[in-house]
Amino acid sequence: MRTKGEAPGLMKVRGAEWWWSAARASKRPEAKTFRPRTVRLRQDDEAERAAKCRELTAELASWCESEARGGARLLRFDGTIRSLNRIYETHPDSPRRTVSFATGRVYDVEAKVLVDAVGDRRIDRITGADLRRWHTNFAKPATPDGSPRIRRAQGAMKTLRRIVSWGVVMRLPGCRDLREILAEMRFTMPAPREQAPSYSQVLAFIAAAHEAKRPSLAMAAAVMFDTSLRQTDVIGKWEPAPDAKVTGGHVYAGRRWSGGVLWQDITGGRLSKKTTKTGAKANFTVADFPLVAAEIARVPEERRIGPMVIDEQTGRPYRHRWFAALWRRIARQAGIPDAIWSRDTRAGAITEAFDAGAELEHVRQMATHSDPKVTGRYNRGSVEQTSTVASLRRHHRAKGTE
């Protein structure tokens, strides 16, 4: 546990989440007007969490000095990437405050890569050549024999685009020019994933899950593959809820569960689920999906209440990391390669639909995509599809020679 001097302003909420508090970091009267009053700390590492507290407290101290001299009441921009990122993270009107907790954690990781490397560079002096060089450096392998880290580089550049766009909105010097430069830049993109589980692999997984006394994983696999629902829409998500006053139901240790499929979502033999990403409504007739129907039949009527996927060990819905770890364990028992991830199940469902000859519009509706192009990206393009196209072309040629 860090001391107050090492991590000023640090506090723990509901015994689970770490936050920084301006009131705890400084007793100066000016600190009462500092915004934001509190900042959620998503760093898992204790040292990184303490460093973040010191960074925020230093900014608070600067604020207090400025206020004591009658200075400006907004977060000050010193022209650097680091300063711009802090404004994006902490301004009360920033779009950063509207993203989900899970997305926020991804943003934090991506921002750390950028700020640690080039945080002291001035916005108004950055050139396209700088951007190209940075991307190359971000993408370098972690080890001499490692693979290029293209996704890491992409994340850092996405962070830069986000914060610069916010800088333009805030009329901060140099941001408009840098946004125009970024608009002209094209960087190497990560290769799209090609892996997806087949129907036979899903069957093997379900069997292995039951053998391991993990029917919850079998249920999750069946629902994800049969319906093509996203993993989060099936198992839900736990997010911090500092205002939670009780533990029980869908609240535990300062976190609230939401978003997963519930037994109450099934009425009259139809599963209706509002998706968490787009808010689109997915509707399925359970009898049309044999894997789901078979798993439902295994559950006694009296237990069909609340979340459909419950961790047998805790009696609560899964957390994502624990679910992924268990999924991998069962997948290996079922002979599924490590290259296939649990979240690839949705792509497997969409690919199977195209293999079966389903029309793009129908698959799009099943996947609750608003754009058919997105549906196409989930299609892994199997041999069955190319064979179908080849067969159609042969028939077309034959008709032309008659």
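Residues numbered from 1 in each chain as written. Predicted model: local features only at pLDDT ≥ 70, side-chain atom pairs only at ≥ 80, totals over all residues. Heavy atoms only, no water.

In terms of nonpolar packing, the biggest core is built from 39 residues, with Phe-205, Leu-217, Met-219, Val-234 and Phe-323 touching the most fellow members. Breaking this core down by element, the ones donating at least two residues are α8 (199–211), α9 (215–227), α10 (231–235), β9 (281–285), α11 (290–297) and α12 (320–333). Looking at this core element by element, the count peaks at nine residues for α9. Apart from the residues within four sequence positions on either side, Val-234 is in contact with Ala-220, Val-223, Met-224, Leu-229, Gly-260, Val-261 and Val-309. Judged by nonpolar contacts, the second largest core, of 29 residues, contains Ile-87, Tyr-88, Trp-166 and Val-168. (Core = buried A, V, L, I, M, F, W, Y, C linked by side-chain atoms within 4.5 Å. Buried < 20%, exposed > 50% of the residue type's maximum accessible area, 1.4 Å probe, protein only. Helix = DSSP H or I, 4+ residues; strand = E, 2+ residues; numbered from the N terminus. Contact = heavy atoms within 4.5 Å.)

Spanning 18 residues, helix α4 (residues 101–118) covers 26 Å between terminal C-alpha atoms, matching the ideal 26 Å at 1.5 Å per step. Among the residues of α4, those classed as buried are Phe-101, Gly-104, Tyr-107, Asp-108, Glu-110, Ala-111, Val-113, Leu-114, Val-115 and Val-118. As for α4, its buried residues are in contact with β3 (38–40), α3 (81–90), α5 (128–138), α6 (150–169), β4 (237–240) and β6 (255–258). (Expected span 1.5 Å × (residues − 1).)

Quick look at the sheet that holds β4 now. Taken together, the three strands give an open sheet; going across it, the order is β4-β6-β5, and neighbouring strands pair in antiparallel fashion. Since the sheet does not close on itself, it has two edges, and those belong to β4 and β5 (251–252), each with one partner. In terms of strand pairing, β5 meets β6 through two bridges, oriented antiparallel. Across the sheet, residue Tyr-252 finds its bridge partner in β6, namely Arg-255. (Pairing = 2+ DSSP bridges.)

All right, on to the sheet that holds β3 then. Across the sheet, three strands lie side by side as β1-β2-β3; this open sheet has antiparallel pairing. On the outer flanks of this sheet lie β1 (10–13) and β3, each paired with one strand and no other. Taking the axes of each pair of neighbouring strands and ignoring which way they run, one obtains an average angle of 35° across the sheet. Judged from the four bridges that link them, β1 and strand β2 (residues 17–21) form a sheet pairing that is antiparallel. Looking at β2, one finds that Lys-12 is bridged to Trp-18. (Axes fitted to C-alpha atoms, helices over the stretch in contact; angles between N-to-C directions.)

What follows is about the pattern of salt bridges. Taken as a whole and judged by the stated rule, the model has 26 salt bridges. One salt bridge in this structure joins Arg-86 and Glu-89, with 2.8 Å as the shortest N-O distance. With Arg-86 and Glu-89 both in helix α3 and three residues apart, the pair spans about one turn of that helix. In this structure, the salt-bridge partner of Asp-130 is Arg-121, at a minimum N-O distance of 3.1 Å. On the accessibility criterion, Asp-130 (9% relative accessible area) is buried. Three or more residues are tied together by salt bridges with common partners; here these are Lys-52, Glu-55, Glu-59, Arg-86 and Glu-89. (Salt bridge = Lys/Arg side-chain N within 4 Å of Asp/Glu carboxyl O.)

Attention now moves to the confidence of the model for the protein. In the predicted model, the protein carries a mean pLDDT of 87, and 88% of its residues have values of at least 70. Across the protein, the secondary-structure element scoring lowest on mean pLDDT is helix α16 (residues 383–400), at 64, and the one scoring highest is α5, at 97. (pLDDT = per-residue confidence, 0-100.)

This part takes up unusual backbone geometry. Although it is not a glycine, Lys-213 adopts a positive phi angle of roughly 60°. Here Lys-213 lies in the loop between α8 and α9. Residues other than glycine seldom take positive phi values, yet Ser-228 does so here, at roughly 70°. Within the secondary structure, Ser-228 is located in the loop between α9 and α10. The class of Ser-228 is buried, set by a relative accessible area of 0%.

Another point: the packing of aromatic side chains. Scanning the model with the defined rule gives four aromatic pairs in all. Residues Phe-205 and Trp-327 carry aromatic rings whose centres are separated by 5.1 Å and whose planes lie at 25° to one another, so their mutual orientation is stacked. Taken together, the positions of Phe-205 in helix α8 and Trp-327 in helix α12 put the pair 122 residues apart, joining distant regions of the chain. Like Phe-205, the residue Trp-327 is buried in the burial classification. The ring of Tyr-107 has Arg-162 sitting right over it, with the charged end atom 3.6 Å from the ring centre. Sitting above the plane of the Trp-341 ring, Arg-193 keeps its charged end 3.5 Å from the centroid. (Phe/Tyr/Trp six-rings, centres within 6.5 Å; stacked < 30°, edge-to-face > 60°. Lys NZ or Arg CZ within 6 Å of the ring centre and 35° of its normal.)

The next thing to look at is helix α13 (residues 345–355). The buried count for α13 comes to nine of 11 residues, which makes it a mostly enclosed element. Within α13 the residues assigned to the buried category are Thr-345, Arg-346, Ala-347, Gly-348, Ala-349, Ile-350, Thr-351, Ala-353 and Phe-354. Looking one or two places after α13, you find Gly-357, whose phi comes out positive at around 90°.

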